[in-house]
Amino acid sequence: MLSIYTCLTNMTNILYSIGTGQRWESIRKSNKYPNLVRWYNSISAEYSNPFMEVTALYVGKKGLGKPVAAKSKEVKNVTGDSSDKAKAGSRSSSEIDLPDAEMGKVRLRFAPEPSGFLHIGHAKAALLNQYFAQRYHGEVILRFDDTNPTKESNEFVENLIKDVETLGIKYQKITYTSDYFSKLMALAEKLIKEGKAYVDDTPREQMQKERMDGIESKCRSNSVEENLKLWKEMIAGSERGLQCCLRGKLDMQDPNKSLRDPVYYRCNPVPHHRIGSKYKIYPTYDFACPFVDAEEGITHALRSSEYHDRNAQYHRIQEDMGMRKVHIYEFSRLNMVYTLLSKRKLLWFVQNGKVDGWDDPRFPTVQGIVRRGLKIEALIQFILEQGASKNLNLMEWDKLWTLNKKIIDPVCPRHTAVVEERRLLLTLTNGPDKPFVRIIPRHKKYDGAGEKATTYTKRIWLDYADAECISVDEEVTLMDWGNAIVKEIIKDQDGNITQLVGVLHLEGSVKTTKLKLTWLAETNELVNLSLVEFDYLITKKKLEEGEDFLDALNPCTKKEIAAIGDSNMHNLKQGEILQLERKGYYRCDVPFTRPSKPVVLFAIPDGRQQSVMK
């Protein structure tokens, strides 16, 4: 089934193609495209927010007639700066151009390393590749940069494919850098023979220092014969070969340190997850990427701006290889507050049991944030709103969760829960002697949410926190029932409330009451719940360069609250999103299986708070 994002994108492409040169509004009023008009009205009514976002990004001001409603904040132009021109809406992200791009001939690649799950930063890269491919009617290749067998696994490959498809990325095919290992080895040997590469046995730390200081290696002047001899030792993975690496002979005095003879190949005896022990040497990313991009016909390589200083190296290596030049298009890396995006650091949390896995709801991985309750439509909208800006920025999670709330609130069903700790009974003396059931909507404004059964009894459960707010003779509203007057508040010797007594006053007006209370009937059909709240893994918004993330670990990142829920929650499905009245939004992570095992609900942030642990 196509995602709503894909449907909207297809729709805007159609609207743009038929609307060029004339207003969509006039087309809509004509009888020329009745089916398209019905489709437009249906989609725009049900998905108004994402529809407006996609049309603004993919179509802009042309073709749709009515402009998107102005937002309260300034519109950013393609460089991320605010200006009068940008405010006027004369530039939108749909107008960002790829250099020398030809319609129908653009080929892009999304090339993650299979050393972890896809995270929100990767998602930005993937979605930008898809955006440009759709804009230029081109294609995207999904390529796995599998050059480091020490870190990589088939598990990561499988989950990256899953995550890319979750994002709705339509790739033309899947390739692997390892598909080109034999060609890369042959090319490396050719460069050795041409004097453009040499084998170096300088210890790694010394080599790094010499590169920083612009000092040529003693091996730089080795003969071609000596280099080929050591190259064969590397290929064999011998003891001598393990001491060596292959370096490009570029320019050790260049101010751009990435051009100071970078490493092309290293020995690694660890078996490759895909091809086993066939090779003992593996190319570096810096050597393999320029070759494979050119070999696969990539026209434009999208890279985050953190690679800026290595762009000259990329093109110089392509030149030495005799390969076709590939255009590089930079965009800013997505950074989130209180968030680590380094796969090495995320792996530390997994290996040390600080999280439950790569799909832990505290992780910034696609699977993690989806498991926490984020809708993919919100993530896509959040990322595409930023466009392809090259400005570095630190984004707040609150904005993303606010977008998510706008998507889930109009459609997610409503249920009721009472916190287990110190819950107490309100006895309604004139309440029903015999329990009765009413069928009411799960969402009063959305019929698609279905119906639920609500039981009404003489004795009902309340949250202790609510009971503390009630005064004697106060009239309160029992939600989905009516008003009641609390006549008596019974306390123990320590002053703790133990029971409430009241009378129903259904003729009372809900407009006059201060307290609107959620409640549950005292029955044996209630469901045991575990409400789980999460916090950030680190306590600092941004770690400075050189700062150890271990010094900023958050000691409390998960909190579980026992509760009871209405009987309808027996039927919740894994992944279903709901709202607990007056408590917030939740995603069902573990549905009902048996009474002794609670239904596990993960709290979904609503964009109003940065931290849930106080």
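Summarised in this report is the structure supplied together with it. On a predicted model such as this, the values are computed, not experimentally measured, just so you know.

Another point: the packing of helix H8 (residues 181–193) against helix H10 (residues 224–236). Interaxial distance between H8 and H10 falls to 9 Å at its minimum, and their mutual angle equals 160°. By the angle between their axes, H8 is roughly antiparallel relative to H10. H8 and H10 meet at a crossing whose hand is right-handed. Contacts from Met185, Ala188, Glu189, Ile192 and Lys193 of H8 reach H10 at Val224, Asn227, Leu228, Trp231 and Ile235.

Attention now goes to the packing of aromatic side chains. Counting across every chain of the model gives 24 aromatic pairs. Here the aromatic rings of Phe117 and Trp358 are separated by 5.8 Å at their centres, their planes lie at 15°, and the arrangement is stacked. With Phe117 in the loop between strand S1 (107–110) and helix H6 (120–135) and Trp358 in the loop between helix H13 (343–351) and helix H14 (366–372), this pair connects stretches of sequence that are 241 residues apart. For the pair shown, Phe117 and Trp358 are each scored as buried.

If you walk across this open sheet you meet the 7 strands as S12-S25-S26-S27-S23-S24-S13, and the pairing is mixed. At either margin of the open sheet sits one strand with a lone partner, and together these are strand S12 (414–415) and strand S13 (417–419). As paired elements, S12 and strand S25 (residues 577–580) share 2 bridges and run parallel to each other. Bridge pairing in S25 places His415 opposite Leu580.

This paragraph deals with the state of the cysteines. Within the structure shown, the criterion is met by 0 disulfides. Of the cysteine sulfurs around Cys219, a residue in no disulfide, the closest is that of Cys244, at 7.5 Å.

Time to look at the nonpolar core. Ile120, Leu379, Phe382 and Trp397 are the most contacted members of the largest nonpolar core, which totals 55 residues. Per-element accounting of this core gives the leading share, 9 residues, to H6. In contact with Trp397, other than residues within four places in its own chain, are Ile120, Met336, Val337, Thr339, Pro364, Ile369 and Tyr536. In terms of nonpolar packing, the next biggest core, distinct from the first, is built from 30 residues, Leu246, Leu250, Tyr282 and Val292 among them.

Attention now goes to the pairing of strand S4 (residues 197–200). By the alternation rule, side chains of S4 split into Ala197 and Val199 and Tyr198 and Asp200, which are all buried. Alignment of S4 against strand S5 (residues 245–248), held across 4 bridges, turns out to be antiparallel. Each residue of the ladder has a partner; that of Ala197, found in S5, is Gly248.

At their nearest, the axes of H6 and helix H15 (residues 376–386) sit 10 Å apart, and the two run at 70° to each other. As judged from the angle between their axes, H6 and H15 are roughly perpendicular. When H6 is examined against H15, the residues Ile120, Ala123, Lys124, Leu127 and Tyr131 are found in contact with a partner set consisting of Leu379, Ile380, Phe382, Ile383, Leu384 and Gln386. Tallied by class, residues from the contact of H6 with H15 come to 9 nonpolar, 1 polar and 1 charged.

Bringing the environment of Ile489 into the picture now. Inspection of the secondary structure assignment puts Ile489 in strand S19 (residues 482–491). Each C-alpha atom of the pair Ile489 and Gly502 lies 8.9 Å from the other, and the pair is 13 residues apart in sequence. Setting aside residues up to four positions removed in sequence, Ile489 forms contacts with Ile470, Ser471, Val472, Ile497, Gln499 and Leu500.

So, on to the pattern of salt bridges. Tallied over the entire structure, the rule returns 38 salt bridges. When the shortest N-O distance is used, the salt bridge between Glu216 and Arg220 registers 3.7 Å. Glu216 gets classed as partly exposed once you look at its relative accessible area, which sits at 42%. You can call Arg220 buried: its relative accessible area is 13%. One salt bridge connects Glu306 with Arg333, and the closest N-O pair in it is separated by 3.2 Å.

A separate point is the side chain of His122. As for its placement among the helices and strands, His122 is situated in helix H6. For His122, a relative accessible area of 18% translates into the label buried. Setting aside residues no more than four positions away along its own chain, His122 makes contact with Phe110, Phe117 and Lys343.

The buried fraction of helix H11 (residues 285–295) amounts to 9 of the 11 residues, a majority that puts the element mostly inside the structure. Buried within H11 we find Asp286, Phe287, Ala288, Cys289, Pro290, Phe291, Val292, Asp293 and Ala294.

All right, on to the sheet that holds S4 then. Spatially, S4-S5-S6-S7 is the arrangement adopted by the 4 strands of the open sheet, whose pairing is antiparallel. In this open sheet, the two edge strands, each paired with only one partner strand, are S4 and strand S7 (281–283). Geometrically, the sheet is characterised by an average inter-axis angle of 20° between neighbouring strands, direction not taken into account. Note: strand S6 (residues 263–267) against S7, 3 bridges, orientation antiparallel. Along S7, the bridge assignment pairs Tyr265 with Pro283. Packing of helix H9 (residues 204–213) onto the sheet brings it into contact with S4, S5 and S6, and relative to S5 it is tilted by some 10°.

As a further point, take the pairing of strand S26 (residues 584–590). Remember that side chains alternate between the two faces of the sheet whenever the strand is regular. Across the 7 residues that make up S26, a large majority, 5, are buried. Of the strand pairs in this sheet, S25 and S26 are connected by 4 bridges, and their pairing is antiparallel. Looking at S26, one finds that Leu578 is bridged to Tyr586. Sheet topology places S26 next to strand S27 (residues 599–604); 5 bridges connect them, and they run antiparallel. Opposite Cys588, over in S27, you have Leu601 as the bridge partner.

Turning next to H13. Structural remark: α-helix, 3.6 residues per turn; residues separated by three or four positions point the same way. Taken together, the buried positions of H13 are occupied by Lys343, Lys345, Leu346 and Phe349. The arc that holds every buried residue of H13, seen down its axis, measures 160°, which confines them to one face. Along H13, the residues that are exposed and aim more than 90 degrees away from the buried face are Arg344 and Gln351. Taken together, the buried residues of H13 touch H6. Trailing H13 by a residue or two, Gly353 shows a phi angle of about 65°, which is positive.

Its location among the elements puts Leu98 in the loop between helix H5 (84–87) and S1. The exposure class of Leu98 is buried, given its relative accessible area of 4%. In the structure, Leu98 is positioned 201 residues away from Thr299 in sequence and 9.7 Å away in space, judged by C-alpha atoms. In contact with Leu98, other than residues within four places in its own chain, are Val106, Leu108, Phe132, Tyr136, His300, Leu302 and Tyr329.

How each quantity is defined
- Residues numbered from 1 in each chain as written.
- Predicted model: local features only at pLDDT ≥ 70, side-chain atom pairs only at ≥ 80, totals over all residues.
- Heavy atoms only, no water.
- Axes fitted to C-alpha atoms, helices over the stretch in contact; angles between N-to-C directions.
- Helix = DSSP H or I, 4+ residues; strand = E, 2+ residues; numbered from the N terminus.
- Parallel < 35°, antiparallel > 145°, perpendicular 65-115°, else oblique.
- Left-handed = near helix turned anticlockwise from the far one by under 90°.
- Contact = heavy atoms within 4.5 Å.
- Phe/Tyr/Trp six-rings, centres within 6.5 Å; stacked < 30°, edge-to-face > 60°.
- Buried < 20%, exposed > 50% of the residue type's maximum accessible area, 1.4 Å probe, protein only.
- Pairing = 2+ DSSP bridges.
- Disulfide = S-S within 2.5 Å.
- Core = buried A, V, L, I, M, F, W, Y, C linked by side-chain atoms within 4.5 Å.
- Nonpolar A, V, L, I, M, F, W, Y, C, P; charged D, E, K, R; others polar.
- Salt bridge = Lys/Arg side-chain N within 4 Å of Asp/Glu carboxyl O.
- Arc of directions from axis to C-beta.

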